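These are the residues of each chain, in order.
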Amino acid sequence: MSADKKGKPEKQHKDRSYDGDAFIAQFALRGAREIIILDADGNTLRSTVSPRRTFVYVSSLKPLVTMARNVVRDLNPSNDVTFMRLGSNGGEVHIALGTDFILIVIQRIKRKSTTQK
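One numbering rule holds for all chains: residues counted from 1, following each sequence as written. The model is predicted, so local features are restricted to residues of pLDDT at least 70 and side-chain atom pairs to those at 80 or more, both for listing and for counting; the totals for chains, interfaces and linings are taken over all residues. Hydrogens are left out, water is left out, and the side-chain values use all remaining heavy atoms of the structure.

(A) View of the overall build of the protein chain. Here a helix means four or more residues in a row that DSSP labels H or I, a strand means two or more in a row labelled E, and each is numbered from the N terminus. Along its length, the protein chain carries 2 helices and 5 strands. Order of helices (α) and strands (β) in the protein chain, N terminus to C terminus: α-β-β-α-β-β-β. When a residue's accessible area, from a 1.4 Å probe over protein chains only, is under 20% of the maximum for its type it is buried; when over 50% it is exposed; and in between it is partly exposed. In the protein chain, which comprises 117 residues, the proportion classed as buried is 28%. Throughout, a residue-residue contact means that at least one pair of heavy atoms, one from each residue, lies within 4.5 Å. Excluding contacts between residues fewer than 6 apart, the proportion of contacts in the protein chain whose partners are at least 24 apart in sequence is 34%. Carbon and sulfur atoms form 53% of the exposed surface of the protein chain, whose accessible area is close to 9100 Å². Every accessible area reported is derived by Shrake-Rupley at a probe size of 1.4 Å, with residue values counting cover from the shown protein chains alone.

(B) Molecular detail of the pairing of strand S5 (residues 101-108). For two strands to count as paired, DSSP must find a minimum of two bridges between them. As paired strands, strand S1 (residues 32-39) and S5 are joined by 7 bridges and run antiparallel to one another. By the bridge assignment for S5, leucine 38 is matched with isoleucine 102. In the sheet, strand S4 (residues 91-97) pairs with S5 via 7 bridges, with the strands oriented antiparallel. Across the sheet, leucine 97 pairs through a bridge with isoleucine 102, a residue of S5. Connecting S4 to the antiparallel partner S5 that follows it, the hairpin turn spans 3 residues.

(C) Molecular detail of the pattern of salt bridges. Just to be clear on terms, a salt bridge is a Lys or Arg side-chain nitrogen sitting within 4 Å of an Asp or Glu carboxyl oxygen. Tallying each qualifying case throughout the model produces 5 salt bridges. Of the charged contacts, one joins arginine 108 and glutamate 34 as a salt bridge, the two residues approaching to 3.5 Å between their closest N and O atoms. Of this pair, arginine 108 sits in strand S5 while glutamate 34 sits in strand S1, and the two are 74 residues apart along the sequence. Relative accessible area serves as the criterion here: at 10%, glutamate 34 is assigned to the buried category.

(D) Seen up close, the side chain of glutamate 92. Relative to the helices and strands, glutamate 92 resides in strand S4. A polar side-chain atom of glutamate 92 sits 2.5 Å from a polar atom in the side chain of arginine 85. What qualifies as a polar contact is a pair of N or O atoms within 3.5 Å, subject to a donor-acceptor requirement within protein and to the restriction that residues adjacent in sequence count only when both atoms come from side chains.

(E) How the structure looks around the nonpolar core. As used here, the term nonpolar core means buried Ala, Val, Leu, Ile, Met, Phe, Trp, Tyr and Cys residues forming a set that is joined through side-chain atoms within 4.5 Å. With 16 residues, the main nonpolar core has Ile36, Met84, Ile95, Leu97 and Ile104 as its most contacted residues. Residue assignment for this core shows that the elements contributing at least two residues are S1, helix H2 (51-75), S4 and S5. With 5 residues, the single largest contributor to this core is H2. Discounting chain neighbours no more than four positions away, the residues touching leucine 97 are Val65, Arg69, Val81, Thr82, Met84 and Ile102. Listed in part, the 7 residues of the second largest apolar core include Ile24, Ala32, Ala96 and Val105.

The following block contains the structure:
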């Protein structure tokens, strides 16, 4: 371990290497249509959608995530939100909250046709 100029030991960075394309492809195989990966501050690290659509999702979901975390911490300060699932008629939004990242996965629900013969 090396030391900086003040004699304090430098922090060791965690090895966060992963194959991003394989990571995204694995979610796509499971039905994910749109994937957004954010850092802890809400800055986009990776997205499979346009920058404009990414901005819309992040600007809508970031306050919701912050409010959900605050509610959970108000109820019990030792707890934290780790996963959120939001559903609508057209799809689902899955949000995984880590200490270093936020993962947003949007799935479109395929409607089964109910045609009668």
